[in-house]
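Structural features, examined
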Amino acid sequence: MSDKPVLFLDWDRVMNVIPRHYEREKKPETDRPDLRLHNVGNDDSGVYPMYLSADMGTAMHDLSQRAEFRWLTTWARYANEILSPIAGFPVPFPVAAHPGWGMKPWKWYAIEEFLEDEPGRSFVWVDDDAIFPHAETRILDRLVPPAKSLLVRTDPYKGISRSDLKNIDEFLCAEADR
């Protein structure tokens, strides 16, 4: 087990910026000037438009030097095959098992399993919809022994922002100094 904090990363509406009303031709509004469209496909879903920033992939790669990344996305088994190359991630990351549709809080179960398996280990969780108000209180109440955590809820129409990245970087730097 690594001493690095774990960074749980969702994809859609975090790294992949999805425009309001899902207008494929309209570039989403975000603080990333180099947002580019990637048409991605897999055997299950056909072509899926993704807007991704090259500088965001680089920024996330820099964070991966101080954190152990783990996918926490419904892309599940496709995360390393399809998403990692688009984002420029050089190595595959562990993927939290997706139990199937209809299991709305499945990401919470994955976090709780992590907390049971690796008590006291600090973590960051970046998501657009699974983290709701007061989520940190719910998680922190269950931590035994206590662990440092940072929950980042992204704007679902802008994805992860530079400010979010700065907060994550500061958290990871503080954890490295502990």
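The following paragraphs examine the structure supplied in this document. Just so we're clear, the structure is a prediction, and the values are computed from it rather than from any experiment.

Reading across the sheet, the 4 strands line up as 4-1-5-6 and stay open at both edges, with parallel pairing between neighbours. Either end of the sheet is taken by a strand with one partner, and the two such strands are strand 4 (68-71) and strand 6 (149-153). On average, adjacent strands in this sheet sit at an angle of 15° to one another, irrespective of strand direction. Across 4 bridges, the pairing between strand 1 (residues 6-9) and strand 4 is parallel. Paired with Val6 across the strands is Glu68, a residue of strand 4. Against the sheet, helix 5 (residues 162-176) engages strand 1, strand 5 (123-127) and strand 6, with an angle of about 175° to strand 6.

Along the chain, the position of Thr73 falls in the loop between strand 4 and helix 2 (79-87). Not counting residues within four places of it along the chain, the set of residues in contact with Thr73 comprises Leu9, Asp10, Trp11, Ala79, Trp106 and Lys107.

Before going further, it helps to examine helix 1 (residues 54-63). Looking only at helix 1, the buried set comprises Met56, Gly57, Met60 and Leu63. Taken down its axis, helix 1 places every buried residue within 115° of arc, on the same side.

What follows deals with the nonpolar core. Nonpolar side chains in soluble globular proteins tend to be buried together. Of all hydrophobic cores here, the largest spans 33 residues; its most connected members are Leu9, Met15 and Ile168. When residues of this core are traced back to their parent elements, those giving at least two are strand 1, strand 3 (46-53), helix 1, strand 4, helix 2, strand 5, strand 6 and helix 5.

About the criteria used
- Residues numbered from 1 in each chain as written.
- Predicted model: local features only at pLDDT ≥ 70, side-chain atom pairs only at ≥ 80, totals over all residues.
- Heavy atoms only, no water.
- Pairing = 2+ DSSP bridges.
- Helix = DSSP H or I, 4+ residues; strand = E, 2+ residues; numbered from the N terminus.
- Axes fitted to C-alpha atoms, helices over the stretch in contact; angles between N-to-C directions.
- Contact = heavy atoms within 4.5 Å.
- Buried < 20%, exposed > 50% of the residue type's maximum accessible area, 1.4 Å probe, protein only.
- Arc of directions from axis to C-beta.
- Core = buried A, V, L, I, M, F, W, Y, C linked by side-chain atoms within 4.5 Å.

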